[in-house]
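A look at the structure
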Amino acid sequence: MTDSHARDGGHAGSDGEAPPGPRSPTEPWSVDEHLADVLSAVRPLEPIELPLLDAQGCLLTEDVTVPAALPPFDNSSMDGYAVRVADVDGASEAFPAVLSVVGEVAAGSGTLPRVGPGQAARIMTGAPLPPGAEAVVPVEWTDGGTGGGPAVDMTGPAGAEVRVHRAPAPGQFVRARGSDAALGAVALTAGTALGPPQLGLLAALGRASVPVRPRPRVVVLSTGSELVAPGAPLGPGQIHDSNGFMLAAAAREAGAVAHRVAAVADDPGTLRATLEDQLASADLLVTSGGVSVGAYDVVKEALTDLDPAFGSVTFRRLAMQPGKPQGFGLVGGGRAPLFALPGNPVSAYVSFELFVRPALRALAGHPSGTLTRPRARARLLADAPLPSPGGRRQYLRGRYEPPASGAGPGTVRPVGAADSHLVAALARADALIEIPEDTTEAAPGGEFAVVLLG
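Since the structure is predicted, the reported quantities are computational estimates derived from the model, not experimental observations.

Reading the values: the criteria
- Residues numbered from 1 in each chain as written.
- Predicted model: local features only at pLDDT ≥ 70, side-chain atom pairs only at ≥ 80, totals over all residues.
- Heavy atoms only, no water.
- Salt bridge = Lys/Arg side-chain N within 4 Å of Asp/Glu carboxyl O.
- Buried < 20%, exposed > 50% of the residue type's maximum accessible area, 1.4 Å probe, protein only.
- Helix = DSSP H or I, 4+ residues; strand = E, 2+ residues; numbered from the N terminus.
- Pairing = 2+ DSSP bridges.

**Topic: the pattern of salt bridges**
If you walk through the whole model with that rule in mind, you get 16 salt bridges. Two residues, Arg84 and Asp87, come together in a salt bridge whose shortest N-O distance is 3.0 Å. Residue classification places Arg84 among the partly exposed residues on the basis of a relative accessible area of 24%. For the salt bridge of Asp283 with Arg217, the shortest nitrogen-to-oxygen distance reads 3.1 Å. Of this pair, Asp283 sits in the loop between α5 (268-278) and β17 (284-288) while Arg217 sits in strand β13 (residues 217-223), and the two are 66 residues apart along the sequence. When sorted by exposure, Asp283 lands in the same class as Arg217, which is buried. Through salt bridges with shared partners, one network takes in Asp32, Arg375, Arg393, Glu434 and Glu437.

**What to know about the sheet that holds strand β2 (residues 59-60)**
Spatially, β1-β12-β2 is the arrangement adopted by the three strands of the open sheet, whose pairing is antiparallel. The two strands at the open ends of the sheet, each matched to only one other strand, are β1 (48-51) and β2. Here four bridges tie β1 to strand β12 (residues 209-213), and the two strands are oriented antiparallel to one another. In the sheet register, Leu50 faces β12, and the bridge partner there is Val210.

**Section: unusual backbone geometry**
A cis amide bond links Leu70 to the next residue, Pro71, at an omega of -5 degrees. Along the chain, Pro71 turns up in the loop between β3 (64-65) and β4 (75-76). Following Gln321, the chain continues to Pro322 via a peptide bond in cis, the omega torsion being -5 degrees. Of note, Pro322 is situated in the loop between β19 (320-321) and β20 (325-331). Positive phi values are uncommon outside glycine, yet Asp305 reaches one of about 55 degrees. Turning to its location among the elements, Asp305 is positioned in the loop between α6 (298-303) and β18 (311-317). One non-glycine residue with positive phi stands out, namely Arg335, at about 55 degrees. Its location among the elements puts Arg335 in the loop between β20 and β21 (336-341).

Written out as structure tokens, the structure is:
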């Protein structure tokens, strides 16, 4: 990156699998080789201290220990009466224990009445257990101080006496001090993803902020003079920019903070200037379009033979369909990863799922075994064999159904054709069907790996 700031930790040099050695420029890379090359160039962002709500979705970088017992005092789990166990032993509706009510304890009470022999204190849920009391009798087990039958709530006036119809066990309906988290215990370990329950625990422990790997900041940029923003009228030969919104949404879904830049026309100078402007606020950049062999492939033209001080981007062909042309490199002073993806919507999305998403999760500090989408085995449900290009790994869109018993393969049905422009079919899919490189025809009933997108 061009500016130094708290998030800068450098991006190059992960502990991932080493990239393949030198090869012919015309030799295609496999999907696995390209992913290994990407991950070898990415390492987690440096930790920063963030307020609790800003840390949602981030990974802790240090263990969090309990600074004070939780709860910090014995308190009632019910609305009722705090009592001594001996005073209510054997109580029943026919022979209630009659106790004098010496006071009332609400949540947040500071001064507490002492409960002596033959006495009780009216108590609310969450209120501190007063001294002398050993258990709480729910109001439904009493007359509520009314002198009548069993009470249903505590809305009536507090009486001078209460009749207890049922005896609690010692400690019953009392949340003991430290019963949730003991002093000095590890509440959350380093590497924990912070969701709502974890943030609630941190708040309960009194933490206002925590050290985390920040959510990666992603800049998404579409290229093409034919692109028009959604909502604007289309002129001759124009289309709406779907990639920018799809890829920004995919980045957010992967846990990043995504910023979509307005589509850039087919001009190399404009594209380079736009990328340079965005580098100061990006941990990772994604472009779509302009990476093939056409006369107006602006990304390839703009990012080939860069000044080494700016970085470098390599363009290569992958043995996959869709998504054959790909670009990847490290740019800016902080060497932020840059992904140059194909322009067809399906190609761009499949490329994001296979390569960009794992890189984002690596930046966020997720363990190496959790960077990619989960996979499953599934039997192919199709009306006829599906052709597949030999020598390339094909990804078809599909709808996956898990096995009913939870064991064995599920099923997957193709959605739409294999063409890489069919965004409507992509919107109906929840899985990618992976057809291996050595398969030229996927037979109905055959078992294949599926990448689960949901």
